[in-house]
Amino acid sequence: MALGDGAATLVCLSDTHGLHRTIKTEQLLERLRDERRDLDQLVVLHSGDFNQWPTAAATEDFNKWMAEDPLLRLVPKQRKIVIQGNHDIISKVTAVVKRENMNFTLLLNESCTVTVGGREITVLGCMFNENGVFSWEQVLGKCPDCDILLTHSPCNGCHAATALASHRVRHNRRQAGGQS
């Protein structure tokens, strides 16, 4: 994405665990206005764990928040993109709030394209993988031309995967009776 006039402003959220209403979006909205950002260029990305526990009440509250929040209500649902985290059991979420009634776009191993400033931006949303890691080949096979990759767990080969690999090495050393 090019920077400058017509550039998208990304608001990235993750792991709110049911505490979304404590986020001070009014302050962010004020800052965006102070910086003269075009609010029609906002794209909101939530990379999972919007629930602490996927209850009906928690899911309904998150959906309502996406429509009522002072900042988020300015963004159409097509530009509020959410994926599943390990605390979001999507079968329970979609049983409570049907996709057509969601105040956001839910991506479950699929992509969507949004238009911002006359430019199309493709977002690929990868669901949480219970193994914790997935490969670039899996990702690129789903959407080789994505502009934004939205995940809750790291891709194998990403910097974030290094910590997981280090953990596995220490665990394997302990299993073998060595130092960690």
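Thresholds applied
- Residues numbered from 1 in each chain as written.
- Predicted model: local features only at pLDDT ≥ 70, side-chain atom pairs only at ≥ 80, totals over all residues.
- Heavy atoms only, no water.
- Helix = DSSP H or I, 4+ residues; strand = E, 2+ residues; numbered from the N terminus.
- Buried < 20%, exposed > 50% of the residue type's maximum accessible area, 1.4 Å probe, protein only.
- Pairing = 2+ DSSP bridges.
- Contact = heavy atoms within 4.5 Å.
- Axes fitted to C-alpha atoms, helices over the stretch in contact; angles between N-to-C directions.
- pLDDT = per-residue confidence, 0-100.
- Phe/Tyr/Trp six-rings, centres within 6.5 Å; stacked < 30°, edge-to-face > 60°.
- Salt bridge = Lys/Arg side-chain N within 4 Å of Asp/Glu carboxyl O.
- Expected span 1.5 Å × (residues − 1).
- Arc of directions from axis to C-beta.
- Polar contact = N/O pair within 3.5 Å; in protein donor to acceptor, adjacent residues only side chain to side chain.

Peer 1: What am I meant to see in the overall build of the protein chain here?
Peer 2: Looking only at helices and strands, one finds 5 helices and 7 strands in the protein chain. Order of helices (α) and strands (β) in the protein chain, N terminus to C terminus: β-α-β-α-β-α-β-β-β-α-β-α. In the protein chain, which comprises 180 residues, the share counted as buried stands at 39%.

Peer 1: Would you mind going over the sheet that holds strand β4 (residues 105-106) with me for this structure?
Peer 2: The pairing of strands in a sheet comes from backbone hydrogen bonds and takes either a parallel or an antiparallel form. Strand order in the open sheet made by the 4 strands is β1-β2-β3-β4, with parallel pairing throughout. Strand pairing shows two members of the sheet lacking a second neighbour, β1 (9-13) and β4, which therefore form its edges. With respect to the sheet, helix α2 (residues 56-68) is in contact with β1, β2 (42-46) and β3 (80-82), its orientation differing from that of β3 by roughly 160°.

Peer 1: Please clarify how the confidence of the model for the protein chain should be interpreted in this entry.
Peer 2: Parts of the model with low pLDDT should not have their predicted coordinates read in detail. Taken over all residues, the pLDDT of the protein chain has a mean of 78, while the share at 70 or more is 71%. Predicted confidence for residues 159-175 stays below pLDDT 50, and this span has 10 contacts to residues more than four positions away or in other chains.

Peer 1: Hey, could you run me through the sheet that holds strand β7 (residues 148-150) in this one?
Peer 2: Strand order across the open sheet formed by 3 strands is β5-β6-β7, with mixed pairing between neighbours. Edge positions in the sheet fall to β5 (110-116) and β7, since each has one partner strand and no second. Along the sheet, successive strands turn relative to each other by an average axial angle of 25°, direction set aside.

Peer 1: Would you explain the packing of aromatic side chains in this entry?
Peer 2: The geometry of an aromatic ring pair is captured by the separation of the ring centres together with the interplanar angle, meaning the angle of the planes. For the coordinates displayed, the defined rule picks out 4 aromatic pairs. Ring geometry for Phe-62 and Trp-65: centres 5.9 Å apart, planes at 40°, overall tilted. Of this pair, Phe-62 and Trp-65 both sit in helix α2, 3 residues apart, which is roughly one turn of that helix. A relative accessible area of 0% means that Phe-62 is categorised as buried. In this structure an aromatic cluster arises from ring pairing among Phe-50, Phe-62, Trp-65 and Phe-104.

Peer 1: Any chance you could explain the environment of Val-97 here in plain terms?
Peer 2: Turning to its location among the elements, Val-97 is positioned in the loop between α3 (90-96) and β4. Between the C-alpha atoms of Val-97 and Glu-60, which are 37 residues apart in sequence, the distance is 6.8 Å. Beyond its immediate stretch of four places on either side in the chain, Val-97 contacts Thr-59, Glu-60, Asn-63 and Met-102.

Peer 1: Teacher, can you tell me more about the pattern of salt bridges here?
Peer 2: Opposite charge on two side chains makes pairing possible when the charged atoms of those side chains draw close. Summed over all chains, the structure comprises 5 salt bridges. In this structure, the salt-bridge partner of Arg-21 is Glu-68, at a minimum N-O distance of 3.5 Å. Pair noted here: Arg-21 is in the loop between β1 and α1 (25-34) and Glu-68 is in helix α2, with a separation of 47 residues, a long-range link. Classification of Arg-21 as partly exposed rests on a relative accessible area of 42%. Among the charged side chains, a network of salt bridges with common partners joins Arg-21, Asp-61 and Glu-68.

Peer 1: How should α2 be read in this particular structure?
Peer 2: What sets the pattern is the α-helix's 3.6 residues per turn: residues three or four places apart point alike. Here α2 contains 13 residues, and its C-alpha end-to-end distance of 18 Å stays within 8% of the 18 Å for a straight helix at 1.5 Å per residue. Listed as buried for α2 are Thr-59, Phe-62, Asn-63, Trp-65 and Met-66. Within α2, the buried residues cover an arc of 155° as seen down the axis, which keeps them to one side.

Peer 1: Help me understand the environment of His-20 in this model?
Peer 2: Looking at the element boundaries, His-20 is found in the loop between β1 and α1. Along the chain, His-20 and Phe-62 lie 42 residues apart, while their C-alpha atoms are 7.3 Å from each other. Setting aside its immediate chain neighbours within four residues, His-20 contacts Phe-50, Asp-61, Phe-62 and Trp-65. Here Asp-61 takes part through its side chain, which lies 2.8 Å from a polar atom of the side chain of His-20.

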